[in-house]
Amino acid sequence: MKARQKLREAVDLLYARGPACSKTYYSLISECIQCSDVEQAKRLQSHMDLYFFQPTTTSLHNRLLHVYGKCNKISYARQLFDNMPVRDVLSYNAMLTAYSKVGLVEEARTLFSQIVSPDSVSFNILISALVTKGFSEDALKYFIQMRRERIAPTEYTHVSVLNVCSHLMDLRSGKEVHGWILTGSSKSNLFVCNALIDMYAKCGDIDQAQRVFNEMIDRNVVSWNSMIAGYLRNGKPDKCLDLFSKMCCLGITPDLVTLSSILRVYIHVGHIEEAQNIFREIKERDVVAWTTMIVGLAQRGRDEDALQLFGEMLLEGIRPDSCTLSSVISACAGLASTDHGKAIHGKAILIGTEGDLLVSTALVDMYSKCGQVRDSWVIFTNMESPNVISWNSMIIGYAQNGMATDALILYERMLKENLNPDNITFVGVLSACCHASFIEQGRKYFHSIREQHGLTPSADHYACMINLLGRSKNMNEVVDLIKNMQIEPNYLIWSTFLSVCRMNGDIEHAEMAARQLFQLDPLDSGPYIMLSNMYAACGRWEDVASMRSLMKERNVRKFAAYSWIEINNKVHKFLSDDRSHPQTKKIYEKLSSLMVKLGEEGYVPDTNLVLHDVGEKEKVESIYYHSEKLALAYGLISKPQNIPLRIVKNIRVCGDCHLFMKFVSKATDRYIILRDSNRYHHFVKGQCSCKDYW
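Calculation rules
- Residues numbered from 1 in each chain as written.
- Predicted model: local features only at pLDDT ≥ 70, side-chain atom pairs only at ≥ 80, totals over all residues.
- Heavy atoms only, no water.
- 1 Å grid on protein atoms, 1.4 Å probe; cavity = no way out; pocket = protein on both sides within 12 Å on 5 of 7 lines; lining within 4 Å.
- Points joined across faces, edges and corners; volume = space filled by probe spheres on them.
- Helix = DSSP H or I, 4+ residues; strand = E, 2+ residues; numbered from the N terminus.
- Nonpolar A, V, L, I, M, F, W, Y, C, P; charged D, E, K, R; others polar.
- pLDDT = per-residue confidence, 0-100.
- Axes fitted to C-alpha atoms, helices over the stretch in contact; angles between N-to-C directions.
- Parallel < 35°, antiparallel > 145°, perpendicular 65-115°, else oblique.
- Contact = heavy atoms within 4.5 Å.
- Core = buried A, V, L, I, M, F, W, Y, C linked by side-chain atoms within 4.5 Å.
- Buried < 20%, exposed > 50% of the residue type's maximum accessible area, 1.4 Å probe, protein only.

Section: empty space enclosed by the protein
Throughout the structure, instances matching the rule amount to one cavity of 30 Å³ or more. Approximately 50 Å³ is the volume attributed to the largest cavity. Along its surface, the largest cavity is lined by Leu335, Ala336, Thr338, Trp564, Ile565, Glu566, Lys639, Arg646 and Val648. Those elements giving two or more residues to the lining of the largest cavity turn out to be β1 (562-567) and β3 (645-649). Looking at which element gives the most residues to the lining of the largest cavity, the answer is β1, with three residues. Each residue belonging to the lining of the largest cavity can be placed in one class, and the counts come to five nonpolar, one polar and three charged.

In structure tokens:
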């Protein structure tokens with residue numbers, strides 16, 4: 001403010017005295033540039049028009065153009081430029097800068113064409129403006145014209161053009177630019193070398209990027225960062241860590257960008273603990289660092305940790321962006337945590353990112369996975385321009401929540417909107433057909449993947465069809481489908497086939513599927529247990545024992561089945577026969593009273609799949625305390641009557657627990673939502689949305 005005051009007083013004094021020399025005007029205009037003071041610049045222009053008609057006014061006018069351009073006063077600049085008696089290249093460059101600053105690229109392009117002899121600065125200004133506004137191909141054309149007219153580019157030109165090649169992934173042009181650089185004076189320029197490393201890395205030639213890096217005489221932190229980011233982009237995390245180690249050994253202090261890259265490296269290779277250590281070392285963490293860590297935790301299934309870290313981020317006063325919010329919303333979806341999800345939804349509204357496509361799509365997915373499909377639909381219908389991912393989220397949400405008809409109606413509407421479905425779309429469509437046993441529609445949609453939409457059916461699509469046909473007992477068709485697959489059957493195919501064999505009691509085909517699975521992943525306990533279940537169901541106890549011996553021999557460990565429920569913003573996890581919860585006594589008392597009440601109403605425990613050759617009483621007791629039953633009992637004693645109970649299980653719900661939930665929903669008049677690894681079950685008044693088909 002003091003500088004502006006002094007400037008105003010100096011211009012006042014000039015007006016009081018009358019004419020002045022060019023040196024005085026030059027000095028005062030320079031002050032206007034420093035203070036970004038348009039008002040005093042305009043007064044100086046008026047004073048010059050009155051008293052100063054010497055030819056040297058061109059240089060002063062150029063300085064005034066600089067002021068107007070810097071302050072975004074394009075109309076003042078244009079008027080001054082048009083009325084200048086004499087214009088040189090500097091005048092055009094000043095006007096070009098003004099246009100470029102406010103993004104008037106076409107006006108800049110037109111003005112450039114009027115320059116009789118553009119210099120390197122003229123080209124630099126226009127090329128930079130074109131790059132900034134995304135006209136990458138045009139920027140490259142002007143650079144080629146510049147070379148053709150033998151105008152020597154500066155290091156700024158080279159950096160801009162290399163950025164263009166990076167954006168276009170144009171390695172050929174990038175190599176040509178590199179060749180020109182080697183013939184000039186900017187070949188050892190630090191910024192040019194960094195741009196070369198970045199260009200080669202982004203275009204996939206990481207070896208050439210390494211050669212440029214090795215030939216550099218001086219390297220600052222940016223050079224190391226470019227190389228580390230290049231290795232990360234090209235899928236070489238070990239090289240990133242080696243380079244980071246060398247950097248530290250040489251005494252080069254990593255900055256925020258370095259540590260953020262190394263953070264992504266550790267997350268990429270699954271070393272979450274190391275990533276957390278790096279994250280804690282970053283002193284001034286920006287939104288990128290926080291988001292990277294949150295995304296990493298969510299991707300690794302550590303949803304609770306992701307939510308906790310998001311809370312820390314807010315306490316630090318860091319404003320989340322759309323990427324942060326979408327990741328945290330996905331963590332809420334993983335936990336089926338509506339309380340946290342709604343709170344973050346509110347945060348998105350508060351900071352104005354609710355309408356962001358990434359955030360709104362994540363919200364659609366989150367509410368669907370929490371069983372609140374109506375809320376998903378409200379968000380989806382309010383989206384301005386939903387993309388294919390958004391449509392997919394809504395279609396899959398309908399399918400997983402037992403609303404198959406709605407899913408298929410939405411798919412047909414998607415086609416009418418002229419949106420091209422992708423492979424994920426058809427996973428949702430075929431899942432809907434599978435859950436509702438729409439066999440003919442499923443066949444039609446499966447064939448349309450290739451015939452109508454030109455896509456190649458994936459293993460996911462085949463798995464859906466195996467499920468659909470197998471559940472409807474078309475086992476011969478399933479076998480033919482697997483034999484005639486266009487791709488090699490993978491683990492998903494054989495495990496899905498094993499599941500439908502179990503449903504149909506088809507031990508012969510089940511054994512065939514299990515043998516394939518034993519070869520593909522001999523340490524996965526799933527096939528062993530599923531085959532054991534089938535043997536137990538038909539009383540083949542010797543085969544059950546044989547499976548146990550095989551698991552022991554191969555050191556196959558059974559992973560723990562668990563369930564969880566959210567109460568008062570806290571996730572409570574239960575194992576089968578779990579006694580670790582602080583309210584264990586009340587939970588088991590509630591469960592015992594439920595068993596008595598349900599028994600009076602006709603509930604008989606389904607003990608067919610108990611894997612032990614014991615008496616009926618022991619069989620009943622072995623399934624009484626499954627994890628989802630414990631979670632449900634805790635929900636009943638902790639949540640008010642009018643609040644739905646949401647339970648999540650990490651594997652498929654067993655037949656007895658499914659039956660139990662139906663009886664409880666009727667006996668207690670509670671709305672129960674159970675999400676297992678297969679689908680979502682909505683239990684209301686003794687009925688399930690899956691219609692006992694899961």
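Still to come is the rest of the account.
Considering the confidence of the model for the protein
With 97% of its residues at a pLDDT of 70 or more, the protein shows a mean pLDDT of 87. Per-element confidence in the protein is highest for helix α25 (residues 404-416), whose mean pLDDT is 96, and lowest for helix α35 (residues 616-624), whose mean pLDDT is 67.

Considerations on the packing of helix α34 (residues 584-600) against helix α36 (residues 627-638)
For any two helices packed against each other, the geometry is given by the interaxial angle and the distance between the axes. Packing of α34 against α36 brings their axes to within 9 Å, and their N-to-C directions diverge by 100°. Classed by the angle they form, the pair α34 and α36 counts as roughly perpendicular. Note on element contacts: α36 touches α34 through Lys629, Leu630, Ala633, Tyr634, Leu636 and Ile637, opposite Lys586, Ile587, Tyr588, Lys590, Leu591, Leu594 and Met595. A breakdown of the residues in the contact of α34 with α36 according to their chemical character gives ten nonpolar, no polar and three charged.

Structural notes on the nonpolar core
Ranked by internal contacts, the top residues of the largest apolar core, which has 182 residues, are Met293 and Phe497. Once you skip the residues sitting within four places of it in the chain, methionine 293 turns out to touch Leu263, Ile267, Ile272, Ala275, Gln276, Phe279 and Leu309.

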